[in-house]
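Per-entry structural report
Chain by chain, the residues:
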Amino acid sequence: MGLEERRKREKDNRKNSILKAARKLFFDKGFKQVTVESIAKKAELSKGSVYLYFKSKEEIYTHILLNDIDKFHKVIGGLMEESKSASEMLLALAHIYAGFFLNDRELFRIMMNYMLNINHMNLPEDLDHQIVKATNKTVDIIEEIFRMGIASGEFPPYIDLRQKRNAIWGLLNGTISLHLFTGSEEKREERIRATIQTGVNTFLRGMRTPVSGGS
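Reading the values: the criteria
- Residues numbered from 1 in each chain as written.
- Predicted model: local features only at pLDDT ≥ 70, side-chain atom pairs only at ≥ 80, totals over all residues.
- Heavy atoms only, no water.
- Core = buried A, V, L, I, M, F, W, Y, C linked by side-chain atoms within 4.5 Å.
- Buried < 20%, exposed > 50% of the residue type's maximum accessible area, 1.4 Å probe, protein only.
- Helix = DSSP H or I, 4+ residues; strand = E, 2+ residues; numbered from the N terminus.
- Contact = heavy atoms within 4.5 Å.
- 1 Å grid on protein atoms, 1.4 Å probe; cavity = no way out; pocket = protein on both sides within 12 Å on 5 of 7 lines; lining within 4 Å.
- Points joined across faces, edges and corners; volume = space filled by probe spheres on them.
- Nonpolar A, V, L, I, M, F, W, Y, C, P; charged D, E, K, R; others polar.
- Polar contact = N/O pair within 3.5 Å; in protein donor to acceptor, adjacent residues only side chain to side chain.
- Axes fitted to C-alpha atoms, helices over the stretch in contact; angles between N-to-C directions.
- Parallel < 35°, antiparallel > 145°, perpendicular 65-115°, else oblique.
- Left-handed = near helix turned anticlockwise from the far one by under 90°.
- Salt bridge = Lys/Arg side-chain N within 4 Å of Asp/Glu carboxyl O.

The nonpolar side chains of a soluble globular protein tend to be buried, and buried together. Counting residues in each nonpolar core, the largest one holds 61 residues, and the members touching the most others are Phe26, Ile60 and Phe146. Broken down by secondary-structure element, the contributors of at least two residues to this core are helix H1 (3-29), helix H2 (36-43), helix H4 (57-75), helix H5 (86-102), helix H6 (105-116), helix H7 (125-152), helix H8 (161-179) and helix H9 (185-205). The dominant element in this core, judged by the number of residues it contributes, is H5, at 12 residues. Ignoring any residue separated from it by four or fewer positions in sequence, one finds Phe26 in contact with Phe31, Val34, Ile39, Lys57, Ile60, Tyr61, Ile64 and Ile110.

What follows concerns the layout of surface pockets. The calculated volume of the largest pocket comes to roughly 220 Å³. Lining of the largest pocket is provided by Tyr114, Met115, Ile118, Val132, Thr135, Asn136, Val139, Arg162, Arg165, Asn166 and Trp169. Counting only elements with at least two residues in the lining of the largest pocket, the list comes to H6, H7 and H8. Within the lining of the largest pocket, the residues separate by chemical class into six nonpolar, three polar and two charged.

With respect to the helices and strands, the residue Glu154 is situated in the loop between H7 and H8. A residue is classified by how much of its surface remains accessible, and Glu154, at 18% relative accessible area, is buried. A distance of 3.0 Å separates the side chain of Glu154 from the backbone nitrogen of Ala86, its partner in a polar contact.

Packed helices, taken two at a time, are described by the angle between their axes plus the distance between the axes. Viewed as axis vectors pointing N to C, H5 and H7 meet at an angle of 160 degrees, and their least axial separation amounts to 8 Å. The pairing of H5 with H7 is recorded here as roughly antiparallel in orientation. In this structure, H5 crosses over H7, and the sense of that crossing is left-handed. Contact residues: H5 offers Ala86, Met89, Leu90, Leu93 and Tyr97, while H7 offers Thr138, Ile141, Ile142, Ile145, Phe146, Met148 and Gly149.

A few words on the pattern of salt bridges. Evaluated as defined, the whole model comprises 12 salt bridges. Across the salt bridge formed by Arg23 and Asp68, the nearest N and O atoms sit 2.0 Å from each other. Here Arg23 is found in helix H1, whereas its partner Asp68 is found in helix H4, with 45 residues between them in sequence. Each member of the pair, Arg23 as well as Asp68, carries the same accessibility label: buried. Among the salt bridges present, the one from Arg188 reaches Glu185, with a minimum N-O distance of 2.7 Å. Residue Arg188 and its partner Glu185 are located together in helix H9, separated by three residues, close to a single helical turn.

In structure tokens:
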């Protein structure tokens, strides 16, 4: 390994250490209570070292969310290329979404904290825009699946796409919020997946195009 490559690896390791430490602190204490100094202490670095990589705790927070949201998008990237009905794709996306946060509960709490306190976090406008854009990408995928269902005749053409996508988005986040940090650990995943399965199926049954010619 050359000197330049070694230096790059050391920088990447240090940056990842900062993000890992910050993620844990944001999860435990919430955004407002965390400082760059506390992040540096958790990462076992000097405050100045943190500022070599990030301008502020807001920038650190944004990197955490953007990196993890990007990971999720990579997981679901090939979903719409599969030969499935729109209903099957929505159920698959719902379970992938639940599984992603079951494996990373810190991220879910950090993301919900952002969504619930967006007006009180005082993130710079450019960073706030980046997070909103990345988050909306998931909502847009849900809407695109509904569009595919309309095109195939699976769903009626008159549905309110914005309303339906937001309802599914709320169902997923509400179910995960309700069960992710409560109840017995051994039954937690089963509860979340069963509730999501029932909820999405009930939702889809209520909006599918009725079969014409029935009595």
